[in-house]
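# Topology and contacts: notes
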Amino acid sequence: MISEKMMSLGKKSSVIRGIFEYGKKRKAEIGAENVFDFSLGNPSVPAPKEVTEIMKEFLETVPAEVLHGYTSGPGDIGVRTEIANYINNKFKVEASANLIYMTCGAAASLTISLNAIVNSGDEAIVLAPFFPEYRVFAEQAGATLKVVPCKKEDLQIDFVALEKAITNKTKAIIVNSPNNPSGVIIPECDIIKLSELLNNKQEEYGTDIYLLADEPYRELVFTGEEVPYIPKYYDNTIVCYSYSKALSLPGERIGYIFVSPKVTDCGDVYAAVCGAGRALGYVCAPSLMQYTIAKCLDKTADVSIYEANRKMLYDALTEYGYTVIKPDGAFYMFVKSPVEDANEFCEMAKKYELLLVPSDDFGVNGFVRISYCVSPEQIENSLPAFKKLIEEYKK
Ligand code: PLP
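Residue indices follow the written sequence of each chain, beginning from 1 at its first position. Given that this is a predicted model, residues contribute local features only at a pLDDT of at least 70 and side-chain atom pairs are listed and counted only at 80 or more, while totals for whole chains, interfaces and linings are drawn from all residues. To obtain the side-chain values, all non-hydrogen atoms of the structure were included, while hydrogens and water were left out.

## Quick look at the sheet that holds strand S8 (residues 255–259)
Only strands joined by at least two bridges in the DSSP assignment are considered to pair. The way it works is that DSSP assigns letters per residue, a run of H or I at least four long becomes a helix, a run of E at least two long becomes a strand, and they are numbered from the N terminus. The strand order across the open sheet formed by seven strands is S2-S8-S7-S6-S5-S3-S4, and the pairing between neighbours is mixed. Where the open sheet ends on each side, the last strands, each with one partner, are strand S2 (100–103) and strand S4 (144–149). The sheet shows a mean angle of 20 degrees between the axes of neighbouring strands, direction not considered. Here strand S7 (residues 237–242) runs beside S8; their pairing, made up of five bridges, is antiparallel. Counted as the bridge partner of Val239 is Phe258 from S8. Here a residue-residue contact requires only that any non-hydrogen atoms of the pair lie within 4.5 Å. Angles shown run from 0 to 180 degrees and are taken between the N-to-C directions of axes, each axis being a line fitted to C-alpha atoms and, for helices, limited to the stretch in contact. In the packing of helix H10 (residues 266–279) onto the sheet, contacts are made with S2, strand S6 (210–214), S7 and S8, and the angle to S2 comes to roughly 20 degrees.

Printed below as a string of structure tokens:
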């Protein structure tokens with residue numbers, strides 16, 4: 001008998017992937033230019049030229065046994081040192097190479113971190129709306145997932161609800177700012193409040209509650225504000241970073257975990273991270289990519305394109321009569337469904353070849369997510385379809 005749990009996970013693809021697959025079929029039928037696929041968070045802006053240049057240089061100059069060889073399990077020590085220095089310069093925290101673990105992107109960072117800290121029976125809290133894979137990652141690690149809805153009006157943390165949800169079994173809270181799917185950024189005052197709440201709860205229960213800061217969108221900010229760096233505010237923080245989004249390298253599978261030196265017994269927690277990486281088969285992240293990102297730490301793709309997309313889409317949708325949560329960052333827009341059932345709305349959108357993702361799997365009902373990390377042309381060409389779609393509901 002094989003694992004029923006894994007089989008059902010494998011058979012049931014995520015809603016997002018399901019829509020993306022539908023889009024691929026539809027594009028083959030009627031031409032890619034006629035399908036407005038807003039399903040996946042797959043960056044359309046190319047990685048900066050420095051990435052390709054450095055990769056070419058490495059390919060030509062570094063011996064293959066080094067470039068394509070194994071690094072040490074947690075990642076190359078030189079690369080981890082560069083990352084630690086970068087973090088220290090930028091955020092003034094005391095990162096060190098021996099608290100950094102190279103991973104295959106944020107997904108691996110999260111699964112490894114959760115497996116490192118969770119014991120069976122523990123609870124992991126997510127704030128809705130949330131990236132749907134959190135459920136898979138947390139439950140696989142043995143945690144019970146608790147969903148705490150954010151405040152309806154602005155999708156910021158609802159502290160009353162959060163406080164009620166925290167128990168002596170709470171092991172982790174995942175925060176994702178800028179947020180997928182809402183684009184909301186948690187302001188500094190709320191990070192301070194969150195930190196105070198968690199410190200009080202840790203003291204009350206005599207436990208450690210870890211904040212997992214899921215940060216693939218850290219650099220994608222359109223308001224000029226600085227996204228608070230959580231290790232500066234809360235000691236028991238583990239940062240799960242990825243180069244998938246801002247550096248446009250999602251298929252290269254590269255990121256890292258940074259265990260804050262202020263985490264209780266940080267050496268043990270880091271050892272548990274190494275152990276979880278080993279147990280999950282995530283040792284030695286792709287070598288070529290480790291060496292490459294170490295040379296591109298302060299680079300991003302041209303994210304101004306996303307900013308322009310955001311403006312074009314937001315202005316048009318609000319003009320047409322949609323209710324939109326204005327995103328401060330990431331490259332997603334959360335739009336209220338004009339009918340209660342967002343699935344029904346997404347089906348109607350398909351009539352206009354608009355591929356949108358219903359919000360149910362993000363832990364809230366009645367919204368759709370639009371991934372606007374697409375070409376500006378796609379947005380421009382899709383606007384008449386968005387207009388006709390909302391008009392269906394004005395009849
Ligand atoms: N966390 C969030 C919030 C995401 O949106 C994603 C990907 O879309 C991930 C994690 C996984 O990122 P990666 O591709 O780096 O594994």
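## Some thoughts on the pattern of salt bridges
Note on definitions: salt bridges are taken to be side-chain nitrogens of Lys or Arg within 4 Å of carboxyl oxygens of Asp or Glu. Inspection of the entire model under this criterion finds 16 salt bridges. The closest approach of N and O atoms between Glu21 and Lys24, which form a salt bridge, is 3.5 Å. Highlighted residues: Glu21 and Lys24, both in helix H2 (residues 15–30), separated by three residues, approximately one helical turn. Here Glu21 falls in the partly exposed class, since its relative accessible area comes to 38%. Shared partners join several salt bridges into a network, and the residues in it are Arg26, Glu29 and Glu353. Between buried and exposed lies partly exposed: a residue is buried under 20% and exposed over 50% of the maximum accessible area for its type, with that area taken using a 1.4 Å probe on protein chains only.

## Side note on the site of the ligand
We call a residue near a molecule or strand when any one of its heavy atoms sits within 4 Å of it. Around the ligand sit 14 residues, and of these Asn180, Asp214, Tyr217, Ser242 and Arg253 come closest. Think of a polar contact as two N or O atoms within 3.5 Å of one another; within protein, one of them needs to be a possible hydrogen donor and the other a possible acceptor, and neighboring residues in sequence only count if both atoms come from side chains. Within the side chain of Arg253, one N or O atom sits 2.7 Å away from an oxygen atom of the ligand. Notes on the ligand: free accessible area 390 Å², of which the protein chains cover 91%. Looking at which element gives the most residues to the shell around the ligand, the answer is helix H6 (residues 105–117), with three residues. Accessible areas in this description were obtained via Shrake-Rupley with a 1.4 Å probe; residue shielding takes into account the shown protein chains only.

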